[in-house]
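Chain by chain, the residues:
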Amino acid sequence: MTGERSVNVFFDEIMLGHNPEVDLPFMPSRVEKRVRTVLEQLESKWSYPEHPGRLIAVRDYLEQNPVPGVTFTSGPCATHEQLGRVHTSSYLDHIFSMAGKRAWLDRDTTAVSPASVTAATAAAGNAIAAVESVVNGDAQSAFALVRPPGHHAEPVRARGFCLLNNVAVAAAHAQAKLGCERILIVDWDAHHGNGTQDIFWADPDVLFFDTHCAAPFYPGSGHLDEVGAGLGEGFTINVPLPETAGDLAFEKAFREILVPAAEYFQPDLVLVSAGFDPHRNDMALNLTYDGFKVITGIVQQIADQHCDGKLVLVLEGGYNLTSLARGVHAVLEVLAGGEIPQLTEAGIREVSEAIAFHQAAFIEE
Ligand SMILES: [Zn+2]
């Protein structure tokens, strides 16, 4: 029943301060020139898709439709030391030097506004706090409702609206300070988590499992044969999917690849890069709210079986505000102990009802 399990949701309004409004003047640079040229060629006006309204939509929806068992809280900003476990010091110096400025960081249209650095450190800090709350037993699971997102951010490069790799920073903190040895990171965002893959590429203590819309969809990585290297070979698992893949494909990938991999790996903490852009009304792929519930149920079962239920979700993408807010709500219901639906292909249940309804008309008495 929903409410049987405790869930901490980490949120802080500081993260609403990241707001690169493209109409305002940005710092002149080579990247700036390139991005402006691309934007000028677009037929319609472009606005920064990863905007504060995303978190506001989720917060408002959860306030209007509270999930029993869910408590809102917040954590401190991440420190230089915590971020330095996954990003180089020169990259961090560069990012911190951007405080108070408007600038393009990457020609893939990743940018900062004056309050972005604080927002980004708050996002990473709240992901860390979410992990601490679960490892310390304050809640059975946690959801870090954060932005800017993180999974495209590489050790030395901001990409895909991501400045700091929140889930990787949280995983590294769990290993360095909380006694976790083996961490499973599941990334179900529609885009491949290239940054997370890069950070743990040669690390046998982090198992990275990623379902995503296949290349050439952004960022173009995440091929089947990208499996890690060195000691980490075999500890990166990519499942590239066609754009039309939906609930049943996701369920099959999670049950038949992730579950046995987790069984082999024996994680002592499960983290999820939870993007809501694979929802059928968003960018790519075809998940429904029931699909999100089922894959949440599977990772919850993995956490229950291997690590006393220690499960932390960190928000990544999701740009359709309705499916983002409702998707987070659906996932929280499962985390809080709610029922997990049976999946069928869309419409099968209705057709069965229609068969029963019409059948009698064609039978001679
Ligand atoms: Zn995404």
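Residues numbered from 1 in each chain as written. Predicted model: local features only at pLDDT ≥ 70, side-chain atom pairs only at ≥ 80, totals over all residues.

Regarding the overall build of the chain
The helix and strand inventory of the chain stands at 11 helices and 10 strands. Here the chain holds 365 residues, and the buried ones make up 51% of them. Partitioning the intrachain contacts of the chain with sequence separation of at least 6 by distance along the chain shows that 79% fall at a separation of at least 24. (Helix = DSSP H or I, 4+ residues; strand = E, 2+ residues; numbered from the N terminus. Buried ≥ 20, exposed ≤ 12 C-beta atoms within 10 Å, placed from the backbone. Contact = placed C-beta atoms within 7 Å.)

Section: helix α10 (residues 321-335)
Between its first and last C-alpha atoms α10 spans 21 Å; for 15 residues at 1.5 Å apiece the expected length is 21 Å, and the two agree. Among the 15 residues of α10, 12 are classified as buried, and the element is accordingly described as predominantly covered. Here α10 has its buried residues at Ser323, Leu324, Ala325, Arg326, Gly327, Val328, Ala330, Val331, Leu332, Glu333, Val334 and Leu335. A positive phi of about 100 degrees marks Gly337, the residue just after α10. (Expected span 1.5 Å × (residues − 1).)

Side note on the packing of helix α8 (residues 247-265) against helix α9 (residues 289-307)
One way to put it is that α8 packs onto α9 with a least axis distance of 9 Å and a crossing angle of 10 degrees. As the angle between them shows, α8 and α9 are arranged roughly parallel. In this structure, α8 contributes Asp247, Phe250, Glu251, Phe254, Arg255, Leu258, Val259 and Ala262 to the contact, and α9 contributes Asp290, Gly291, Val294, Ile295, Ile298, Ile302 and His306. Taken together, the residues of the contact of α8 with α9 sort by class into nine nonpolar, two polar and four charged. (Axes fitted to C-alpha atoms, helices over the stretch in contact; angles between N-to-C directions. Parallel < 35°, antiparallel > 145°, perpendicular 65-115°, else oblique. Nonpolar A, V, L, I, M, F, W, Y, C, P; charged D, E, K, R; others polar.)

Here we look at the packing of helix α5 (residues 116-135) against helix α6 (residues 166-177)
Where α5 contacts α6, the two axes come as close as 8 Å, and the packing angle between them is 40 degrees. In terms of orientation, α5 and α6 fall into the oblique class. In this structure, α5 meets α6 at a crossing whose hand is right-handed. Contacts from Ala123, Ala124, Ala127, Ile128, Ala130, Val131 and Val135 of α5 reach α6 at Asn166, Val167, Val169, Ala170, His173 and Ala174. For the contact of α5 with α6, the per-class residue count stands at 11 nonpolar, two polar and no charged. (Left-handed = near helix turned anticlockwise from the far one by under 90°.)

Quick look at the pairing of strand β9 (residues 269-274)
Regular strands place their side chains on alternate faces of the sheet. Most of β9 sits out of view: six of its six residues are buried. Covered by surrounding structure in β9 are Leu269, Leu271 and Ser273 together with Val270, Val272 and Ala274, the residues of both alternating faces. Alignment of strand β6 (residues 183-187) against β9, held across five bridges, turns out to be parallel. Across the sheet, residue Ile185 finds its bridge partner in β9, namely Leu271. (Pairing = 2+ DSSP bridges.)

Topic: the environment of Glu345
When you line up the elements, Glu345 lands in the loop between α10 and α11 (348-359). For the pair Glu345 and Gly53, spaced 292 residues apart in sequence, the C-alpha separation works out to 32 Å.

Details of the environment of Leu269
Along the chain, Leu269 falls in strand β9. For Leu269, a count of 26 C-beta atoms within 10 Å translates into the label buried. Each C-alpha atom of the pair Leu269 and Phe357 lies 49 Å from the other, and the pair is 88 residues apart in sequence. When sequence neighbours within four positions are dropped, the list of residues in contact with Leu269 reads Val135, Ala174, Cys180, Ile183, Cys307 and Lys310.

A few points about the sheet that holds strand β8 (residues 236-241)
Strand order in the open sheet formed by eight strands is β2-β1-β5-β10-β9-β6-β7-β8, and the pairing between neighbours is parallel. The outermost strands of the open sheet, each flanked by one partner alone, are β2 (70-73) and β8. If you compare each strand with its neighbour and ignore which way they point, the axes differ by 15 degrees on average. Two elements, β6 and strand β7 (residues 206-213), share five bridges in a ladder whose sense is parallel. Bridge pairing in β7 places Val186 opposite Phe209. Packing of α10 onto the sheet brings it into contact with β1 (7-10), β2, β5 (141-144), β9 and β10 (311-315), and relative to β5 it is tilted by some 165 degrees.

Description of the pairing of β7
Most of β7 sits inside the fold, with eight of its eight residues counted as buried. On the question of chirality, the crossover connecting β6 to the parallel β7 by way of helix α7 (residues 194-199) is right-handed. The sheet contact formed by β7 and β8 spans six bridges and is parallel. Looking across to β8, one finds that His212 is bridged to Pro240. (Right-handed = clockwise from strand over helix to strand, strands pointing away.)

Details of unusual backbone geometry
Here the residue pair Ala215 and Pro216 is connected by a cis peptide bond, since its omega of 15 degrees sits within 30 degrees of zero. Inspection of the secondary structure puts Pro216 in the loop between β7 and β8. With omega at 0 degrees, the peptide bond leading from Tyr218 into Pro219 counts as cis. The residue Pro219 is located in the loop between β7 and β8 in this model. Notably, Leu285 is not glycine yet its phi reads approximately 70 degrees, a positive angle. Tracing the backbone through its elements, the reader meets Leu285 in the loop between β9 and α9. What makes Leu285 buried here is the crowd of 27 C-beta atoms within 10 Å.

These results come straight from atomic positions and should not be treated as a statement about function.
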